[in-house]
Amino acid sequence: MIELVTSAQMRAIETAAIESGAVRGLDLMERAAEGVVAALVTRWPGAERACVLCGPGNNGGDGFAVARLLAARGWTVRVLAAAGADRMPPDAVSNARAWTGPVAPLTAEALAEGPQADVYVDAVFGTGLSRPVTGELARVVAALARVSARVVAVDAPSGLCLDSGRSLIPGGIPARAALTVTFGWRKPGHVLAQGPELCGEMVTVDIGVAAWREAAGVTASLVTPDDPAFAQLDKTTAAHKFTHGHALILTGGMGRTGAARLSARAALRIGAGLVTLGAPGSAMMEVAAQITALMLRRIDSPEALAEALADTRITALCLGPGLGIERAAALLGALREGGVKPRPTVVDADALTALGPVSGALPEDWVLTPHGGEFARLFPDLAARLSAEPANGPAFSRLDAGRQAAARAGCVVVLKGPDTVIAAPDGRSSVHAASGAQAAPWLATAGSGDVLAGIITGLLARGVGSYAAACTGTWLHAAAARHVGPGLIAEDLPEALPAVLRRVIGHPG
Ligand SMILES: NC(=O)C1=CN([C@@H]2O[C@H](COP(=O)(O)OP(=O)(O)OC[C@H]3O[C@@H](n4cnc5c(N)ncnc54)[C@H](OP(=O)(O)O)[C@@H]3O)[C@@H](O)[C@H]2O)[C@@H](O)CC1
Ligand SMILES: Nc1ncnc2c1ncn2[C@@H]1O[C@H](COP(=O)(O)OP(=O)(O)O)[C@@H](O)[C@H]1O
Ligand SMILES: [K+]
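Residue numbers run consecutively from 1 along every chain, following the written order of its sequence. For naming, the first written chain is A and the first written ligand is 1, with later ones following in the order written. The predicted nature of this model means local features are confined to residues of pLDDT at least 70 and side-chain atom pairs, given and counted, to a pLDDT of 80 or more, with totals for whole chains, interfaces and linings taken over all residues. With hydrogens and water stripped out, all remaining heavy atoms of the structure feed into the side-chain values.

**Comments concerning the site of ligand 1**
Okay, so step 1: Nearness here has a simple test: a residue counts as near a molecule or strand if at least one of its heavy atoms is within 4 Å of that partner. The immediate surroundings of ligand 1 are formed by 21 residues, with Asn59, Asp62, Gly126, Arg131 and Asp155 found nearest.
Okay, so step 2: Here a polar contact means two N or O atoms within 3.5 Å. Within protein one must be a hydrogen donor candidate and the other an acceptor candidate, and residues neighboring in sequence count only if both atoms are side-chain atoms. At a separation of 2.5 Å, an oxygen atom of ligand 1 approaches a polar side-chain atom of Asp62.
Okay, so step 3: Contact between ligand 1 and Pro132: a nitrogen atom at 3.0 Å from a main-chain N or O atom of the residue.
Okay, so step 4: Where accessible areas are quoted, they stem from the Shrake-Rupley method and a 1.4 Å probe; at the residue level, only the protein chains shown are allowed to cover. When isolated, ligand 1 has an accessible area of 940 Å², and the protein chains bury 78% of it.

Below is the structure:
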């Protein structure tokens, strides 16, 4: 598990470490700067001229320390610093004083007109960015984007909100870094929204504060395959098909059954023991002609669904892909008012649209899987906060939105995207970051969401808890996409699951 730590949490951890007496702030700053230098000389072995941009806080203090360490290695270093180095926090002042070379004012003009450097060190703002960047420092950031692509960001590309991954530069964005070096843990802003694109390659440096992690509580983590839930994916020799549950996936009418068939195939591939497609009469022939290992049952009406669900061996449901909004609304009604025993249920696509704005708690064993547009229909106020220009830092983030949505809906919410947020009503939350080495851009293809819905449904059918099923399913979905790579279409995803499962479960054969 990789934990994410917010700016406030990082400050709490650093404070606890310093107050323990075991370490000084100045030592932490030195370790941070050493980490930046190690990462940048590894990345650019032939470089020898740096330009270091130092802001008014401890991020700027890191910059002064980096300048000193590079100069000690024989680099030619130019330092530009915000006015009033004496008013910086104490550790930053110490490092500003330890820098014995010249200091030019941190202005766009000084940056643009100075001698060309091999590497630019962006140490203007880090975790302390508390409000939108305007005036000269906004111009500096814009100029930095123009002078070079070889930018190493200290903690963050300056102007990036580390809690949300959103730009705090009105009408602008931070200068894109080739390399970002952060300290202790990655922050949500490194993996959310614009963060991955602006941070470039990420390096996390251990500055020796892990022992104080507890001081800050847990907020969110990244979904990784070392999560214990992945251990539940294997099948034991003694089990039979009913041990692995029975998923019922509802489909729409004739000509619109492809989406649910994709979901069903994925549910089967992820290991549900049995998968039945519930089709209206008009679509029975079409579905029957297209399926083999899947089963088919006629479900025309809410009553027919309630009747099907009298079979307690059906352990999970999927409503949404290709269902049509009217049929989705009717079938959802059966689940909420039909007197049927509740089942873990994935609510996706048309069923989300049929649901409309969520104002109160939904059944707790539902999993909502909206993309951005569907999320805006379900939670219009949260979506509006996500798209409004932030007036202050930290900006409202997709994690905030996912968490508030899950609390309101009383069930797990999966807010999909390259930075998928998974949140449970009890406050647990994760980010699945399909960026960097985990990028899966070919998932942006029609039908890939239907496959995700099917994977999660299959896991629910197998008895995996809804939050774990959502996290695990999201990871497996992206891993399947990476396995196929360029040219991926949604049909490939279920077929790639065996190879991904073999890797994750560790079966050699
Ligand atoms: N603490 C430690 O032990 C360690 C910390 N480390 C490093 O410290 C960094 C955090 O340092 P930090 O907390 O001083 O915040 P930082 O990002 O430098 O910015 C704060 C300054 O900017 C100002 N300011 C804010 N917004 C602004 C705006 N829009 N426009 C203009 N000004 C604005 C703000 O002013 P104020 O809000 O106080 O008026 C304040 O002066 C962290 O990212 C890491 O690099 C490492 O060395 C490891 C050990
Ligand atoms: N650029 C991307 N990188 C990684 N994953 C992506 C990207 N674009 C979309 N996805 C993923 O692909 C799926 C698309 O789902 P959705 O928008 O519902 O598509 P559809 O309705 O076509 O099935 C989601 O799981 C989403 O997280
Ligand atoms: K920075």
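Don't stop here, the text continues.
**Concerning the domain arrangement of the chain**
Okay, so step 1: Considered domain by domain, the chain is made up of domain 1 (2-216) and domain 2 (228-504).
Okay, so step 2: Just the C-alpha atoms count here: the centres of domain 1 and domain 2 sit 40 Å apart.
Okay, so step 3: Throughout, a contact is declared for two residues whenever any of their heavy atoms are within 4.5 Å. Of the residues lining the interface, 19 residues belong to domain 1; the matching set on domain 2 comes to 20 residues.
Okay, so step 4: A quick way to say it: buried area is the sum, across both parts, of accessible area lost when two parts are put together, with a 1.4 Å probe. Of the roughly 1,200 Å² buried where domain 1 meets domain 2, counting both sides, 61% is carbon and sulfur surface.
Okay, so step 5: The largest contributions to the domain 1 side of the interface with domain 2 come from Arg166, Val191 and Leu192, which together make up 41% of the buried area.
Okay, so step 6: Whenever Lys or Arg places a side-chain nitrogen within 4 Å of a carboxyl oxygen from Asp or Glu, that contact is recorded as a salt bridge. Summed over the shared surface of domain 1 and domain 2, the result is zero salt bridges.
Okay, so step 7: At the boundary of domain 1 and domain 2, one finds six residue pairs in polar contact (both at pLDDT 80 or more). Reported domain spans reflect what an automatic or database domain assignment gives.

**Points about the pattern of salt bridges**
Pairing between side chains of opposite charge can happen when the charged atoms of each approach one another.
Okay, so step 1: Enumeration according to the criterion identifies 18 salt bridges in this entry.
Okay, so step 2: Here Arg313 ties to Asp311 by a salt bridge, and the two come within 3.3 Å at their closest N and O atoms.
Okay, so step 3: When its relative accessible area of 24% is taken as the criterion, Asp311 is described as partly exposed.
Okay, so step 4: Each of Arg265, Arg269 and Glu495 takes part in a single network of salt bridges with overlapping partners. The rule is simple: take the accessible area with a 1.4 Å probe, protein chains only, and divide by the maximum for that residue type; under 20% is buried, over 50% is exposed, in between is partly exposed.

**Topic: the coordination of the potassium ion (ligand 3)**
Okay, so step 1: Distances from the potassium ion (ligand 3) to its protein donors, Asn59 (OD1), Asp122 (O), Phe125 (O), Val154 (O), Ala156 (O) and Ser158 (OG), fall at 2.6 to 3.0 Å.
Okay, so step 2: Geometry at the potassium ion (ligand 3) is irregular, judged from the six donor atoms that bind it and their angles of 71 to 172° at the metal.
Okay, so step 3: Along the chain, the residues donating to the potassium ion (ligand 3) are arranged with the sequence spacing N-x62-D-x2-F-x28-V-x1-A-x1-S.
Okay, so step 4: Residue class for Ala156 comes out buried when judged on its relative accessible area of 0%.
Okay, so step 5: Here Ser158 falls in the buried class, since its relative accessible area comes to 1%. Note on donors: an N, O or S atom is included if it sits within 2.8 Å of the metal, or within 3.2 Å for Na, K and Ca, and water is never included, so sites can look incomplete. When four donors show all angles between 85 and 135 degrees the site is tetrahedral, when four or six donors have opposite pairs over 155 degrees and all other angles between 65 and 115 it is square planar or octahedral respectively, and in every other case it is irregular.

**Notes on the site of ligand 2**
Okay, so step 1: Within the structure, ligand 2 sits among 18 residues, and Lys416, Gly417, Gly447, Ser448 and Gly449 are positioned closest to it.
Okay, so step 2: Residue Leu443 places a main-chain N or O atom 3.4 Å away from an oxygen atom belonging to ligand 2.
Okay, so step 3: Contacts to ligand 2 include Ser448, whose side-chain N or O atom sits 3.1 Å from an oxygen atom.
Okay, so step 4: If ligand 2 stood free it would expose 580 Å²; the protein chains cover 77% of that surface.
Okay, so step 5: The secondary structure listing takes helices from DSSP runs of H or I that are at least 4 residues long and strands from runs of E that are at least 2 residues long, numbered from the N terminus. In terms of residue count, helix α17 (residues 448-461) provides more of the shell around ligand 2 than any other element does, four residues in total.
Okay, so step 6: Lys, Arg, Asp and Glu make up the charged group, whereas Ala, Val, Leu, Ile, Met, Phe, Trp, Tyr, Cys and Pro make up the nonpolar group; the residues left over, Gly among them, are polar. Here the shell around ligand 2 is built from residues that sort into eight nonpolar, eight polar and two charged.

**Here we look at the environment of Ala215**
Okay, so step 1: Within the secondary structure, Ala215 sits in the loop between β8 (201-205) and β9 (220-222).
Okay, so step 2: You can call Ala215 partly exposed: its relative accessible area is 48%.

**Topic: the UniProt feature "binding site: AMP" (unreviewed entry) in the chain**
Okay, so step 1: Under the feature "binding site: AMP" (unreviewed entry), the UniProt entry names Lys416, Gly417, Pro418, Asp419, Thr420 and Gly449. Taken together, the annotated residues stretch across 34 residues yet fold into one region, lying no more than 14.1 Å apart by C-alpha.
Okay, so step 2: Among the structural elements, Pro418 can be located in the loop between β16 (412-415) and β17 (419-423).
Okay, so step 3: The class of Pro418 is exposed, set by a relative accessible area of 61%.
Okay, so step 4: Apart from residues lying up to four places away in sequence, Pro418 is in contact with His432, Ala433 and Ala434.
Okay, so step 5: Mapped onto the secondary structure, Asp419 falls in strand β17.
Okay, so step 6: The residues touching Asp419, leaving out its near neighbours within four places in the chain, are Val191, Leu192, Ala193, Arg398 and His432.
Okay, so step 7: Of the polar contacts made by the side chain of Asp419, one reaches the backbone nitrogen of Ala193; its length is 2.6 Å. UniProt positions are given in the numbering used here, feature names are shortened, and annotations may be inferred rather than shown by experiment.

**Some points on the side chain of Arg462**
Okay, so step 1: Counting through the fold element by element, Arg462 comes out in the loop between α17 and α18 (466-484).
Okay, so step 2: The convention is simple: Lys and Arg are positive, Asp and Glu are negative, and His and the chain ends are not counted. No salt bridge is formed by the buried Arg462, whose closest oppositely charged neighbour, Asp234, lies at an N-O distance of 6.5 Å.
Okay, so step 3: Among the polar contacts made by the side chain of Arg462, one reaches the main-chain carbonyl oxygen of Leu233 at a distance of 2.9 Å.
Okay, so step 4: Look past the residues within four positions of Arg462 in its chain and what remains in contact with it is Gln232, Leu233, Asp234, Lys235, His244, Ile270, Gly271 and Ala272.

**Section: the nonpolar core**
Inside soluble globular proteins, nonpolar side chains tend to come together where they are buried.
Okay, so step 1: The set of buried Ala, Val, Leu, Ile, Met, Phe, Trp, Tyr and Cys residues whose side-chain atoms join them within 4.5 Å is what this entry labels a nonpolar core. By size, the foremost hydrophobic cluster in this structure holds 58 residues, and its most contacted members are Ile249, Val275, Leu277, Val367, Val412, Ile422 and Leu476.
Okay, so step 2: If you list the elements that add at least two residues to this core, you get β10 (246-250), α9 (258-269), β11 (274-279), β13 (314-319), β16, α17, α18 and α19 (492-505).
Okay, so step 3: It is α18 that provides the largest number of residues to this core, a total of eleven residues.
Okay, so step 4: What Ile422 contacts, discounting residues up to four positions off in sequence, is Val223, Val412, Val413, Val414, Arg428, Ser429, Ser430, His432, Tyr467, Ala470, Cys471 and Thr474.

**Considering the packing of helix α15 (residues 380-387) against helix α16 (residues 398-409)**
Okay, so step 1: Note on geometry: axes are lines fitted to C-alpha atoms, helical ones only across the stretch in contact, with angles between N-to-C directions running from 0 to 180 degrees. Packing of α15 against α16 leaves a shortest axis separation of 10 Å and a crossing angle of 170°. In terms of orientation, α15 lies roughly antiparallel with respect to α16. On α16, the residues touching Asp381, Leu382, Arg385 and Leu386 of α15 are Arg398, Ala401, Gln404, Ala405 and Arg408.
Okay, so step 2: Considering only residue class, the contact of α15 with α16 consists of four nonpolar, one polar and four charged. By the definition adopted for this analysis, an angle is roughly parallel if under 35 degrees, roughly antiparallel if over 145, roughly perpendicular if from 65 to 115, and oblique otherwise.

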